[in-house]
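The residues making up each chain are set out below.
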Amino acid sequence: MTLRARLVAANWKMNGSRVDNARWLEAFRAQPAACEAVVCPPYVYVEQVVSGLAGTGAFVGAQDLCDRAAGAWTGEVAGEMLRDAGVQWVIVGHSERRAAFGETDEIVAAKAERALDAGLRPIVCVGETLEQRSAGRTASVIAAQLDAVLQRCTPARLAAGALAYEPVWAIGTGHSATPQQAQDVHAAIRAQLARHDPAAAGAMRLLYGGSVKPGNAAELFAQPDIDGGLIGGASLVAAEFLAICAARAHG
Ligand code: PEP
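Only a predicted model underlies this, so the values are computations on that prediction, with no experimental measurement involved.

Chemist: Even after reading the chapter, I still don't get the nonpolar core, so can you show me in this structure?
Modeler: Ranked by internal contacts, the top residues of the largest apolar core, which has 63 residues, are Ile189, Leu193, Tyr208, Phe221 and Phe241. If near-sequence neighbours (up to four positions away) are discounted, Phe221 is found in contact with Arg6, Val8, Val212, Ile226, Gly228, Gly229, Ile244 and Ala247. In this structure, Ala9, Cys40, Trp89 and Ala164 belong to the second largest nonpolar core, which totals twelve residues.

Chemist: What is the right way to read the site of the ligand from this model?
Modeler: Neighbouring the ligand are 14 residues, the closest being Lys13, His94, Glu166, Gly172 and Ser211. Glu166 places a side-chain nitrogen or oxygen 2.7 Å from an oxygen atom of the ligand. A total of 290 Å² of accessible area belongs to the ligand in isolation, and the protein chains cover 97% of it. Across the shell around the ligand, the residue classes break down as four nonpolar, eight polar and two charged.

Chemist: Help me understand the sheet that holds strand 5 (residues 121–126) in this model?
Modeler: Backbone-to-backbone hydrogen bonds pair the strands of a sheet. The strands run either parallel or antiparallel. The eight strands are arranged 1-2-3-4-5-6-7-8 in a closed barrel whose pairing can be described as parallel. This sheet shows a mean twist of 25 degrees between the axes of neighbouring strands, independent of strand direction. As paired elements, strand 6 (residues 162–165) and strand 7 (residues 205–209) share four bridges and run parallel to each other. Directly across from Ala164, in strand 7, lies its bridge partner Leu207. Helix-sheet contacts for helix 2 (residues 46–53) involve strand 2 (36–40) and strand 3 (59–62), and the interaxial angle to strand 3 is about 165 degrees. The sheet contacts of helix 7 (residues 138–150) involve strand 5 and strand 6, and relative to strand 5 the element is tilted by about 150 degrees.

Chemist: Honestly, the pattern of salt bridges in this entry has me stumped. Any pointers?
Modeler: Working definition: two side chains of opposite charge can pair if their charged atoms are close together. Evaluation of the coordinates by the stated rule reveals 15 salt bridges. For Arg152, the salt bridge goes to Glu113, with nearest N and O atoms at 2.4 Å. Of this pair, Arg152 sits in the loop between helix 7 and helix 8 (155–158) while Glu113 is found in helix 5 (residues 105–117), placing the two residues 39 residues apart along the sequence. On the accessibility criterion, Glu113 (22% relative accessible area) is partly exposed. Because the salt bridges share partners, they merge into one network encompassing Arg4, Arg190, Asp225 and Asp227.

Chemist: Even after reading the chapter, I still don't get the state of the cysteines, so can you show me in this structure?
Modeler: As used here, a disulfide is simply a covalent bond connecting the sulfur atoms of two cysteines. Scanning the entire structure with this criterion turns up zero disulfides. For the unlinked cysteine Cys153, the closest cysteine sulfur is that of Cys125, found at 14 Å. Residue classification places Cys153 among the buried positions, given a relative accessible area of 1%.

Chemist: Looking at this structure, I do not really get the pairing of strand 6. What am I missing?
Modeler: Here strand 6 shows no split at all, with Ala162 and Ala164 on one side and Leu163 and Tyr165 on the other all buried. Two elements, strand 5 and strand 6, share four bridges in a ladder whose sense is parallel. Bridge pairing in strand 6 links Ile123 to Ala162.

Chemist: Just checking my understanding: could you explain the packing of aromatic side chains for this structure?
Modeler: Counted by the stated rule, this structure contains five aromatic pairs. Centroid distance Trp12 to Trp24: 5.0 Å. Interplanar angle 70 degrees. Geometry classified as edge-to-face. Of the two residues, Trp12 sits in the loop between strand 1 (7–11) and helix 1 (18–30) while Trp24 sits in helix 1, which places them twelve residues apart along the sequence. Pair check on accessibility: Trp12 and Trp24 agree, each one buried. Taking the centre distance of 5.3 Å and the plane angle of 10 degrees together, the rings of Trp24 and Phe28 count as stacked. Residue Trp24 and its partner Phe28 are located together in helix 1, separated by four residues, close to a single helical turn. Per residue, the accessibility class of Trp24 equals that of Phe28, and both read buried. A connected cluster of aromatic rings, assembled from ring pairs, spans Trp12, Trp24, Phe28 and Phe241. The residue whose ring lies beneath Arg68 is Trp73, and the NZ or CZ to ring-centre distance is 4.5 Å.

About the cut-offs
Residues numbered from 1 in each chain as written. Predicted model: local features only at pLDDT ≥ 70, side-chain atom pairs only at ≥ 80, totals over all residues. Heavy atoms only, no water. Core = buried A, V, L, I, M, F, W, Y, C linked by side-chain atoms within 4.5 Å. Buried < 20%, exposed > 50% of the residue type's maximum accessible area, 1.4 Å probe, protein only. Contact = heavy atoms within 4.5 Å. Near = heavy atom within 4 Å. Polar contact = N/O pair within 3.5 Å; in protein donor to acceptor, adjacent residues only side chain to side chain. Areas by Shrake-Rupley, 256 points an atom, 1.4 Å probe, with all protein chains shown as cover. Nonpolar A, V, L, I, M, F, W, Y, C, P; charged D, E, K, R; others polar. Pairing = 2+ DSSP bridges. Helix = DSSP H or I, 4+ residues; strand = E, 2+ residues; numbered from the N terminus. Axes fitted to C-alpha atoms, helices over the stretch in contact; angles between N-to-C directions. Salt bridge = Lys/Arg side-chain N within 4 Å of Asp/Glu carboxyl O. Disulfide = S-S within 2.5 Å. Phe/Tyr/Trp six-rings, centres within 6.5 Å; stacked < 30°, edge-to-face > 60°. Lys NZ or Arg CZ within 6 Å of the ring centre and 35° of its normal.

Here it is as structure tokens:
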């Protein structure tokens, strides 16, 4: 039996406006999430979401942070600034940042460490491309991505946050991994963590991300090593995000 509480995070990506966000927050406040929830808006809307979620029990996350200490880094945001603005969580190493903004495994690891040093709870993302999966390299790619993070952060530290398995081919495509495909990778991630620290591996929340919707969330979350989700497209509609938070297996 798992004692890990379900965690569901909304990644709004580069979407939203003050008016749309206000509507989303109003809907969320009317029906607070049925599990631990994190909402990750673009930086400029963090303060709006911090005040909009006050009293709901939900947390605010950022979508990224700088891998360096505060100083002369134009356009960047330090983890300490996010904490100062009321943020508790931060997504690190999303595949869009890896692919479109050149984030290497080493940069992702440095960001995870910075987040922890700043008192933030990182959601560290790993995932393979379709080409890598087709070549039978899923396990080795995920292991290498995770290993880079483990070079800098112990599993016990990382367990303050979460890891997200997000197959790149499933993100935004409408084609989720099957529950068994996701479970297989989650089990491998937990086994890799357990080789370092069995207790931390047992405590770590492993989220699945990639085309999670209200209609497929329950069967994904029913897998023994899937402890929740990182939700992109479906999180833009409050009712869909709330339905995913509340997803229950039948029978
Ligand atoms: C994501 O980008 O983290 C994600 C899971 O997106 P989507 O739910 O839209 O596939």
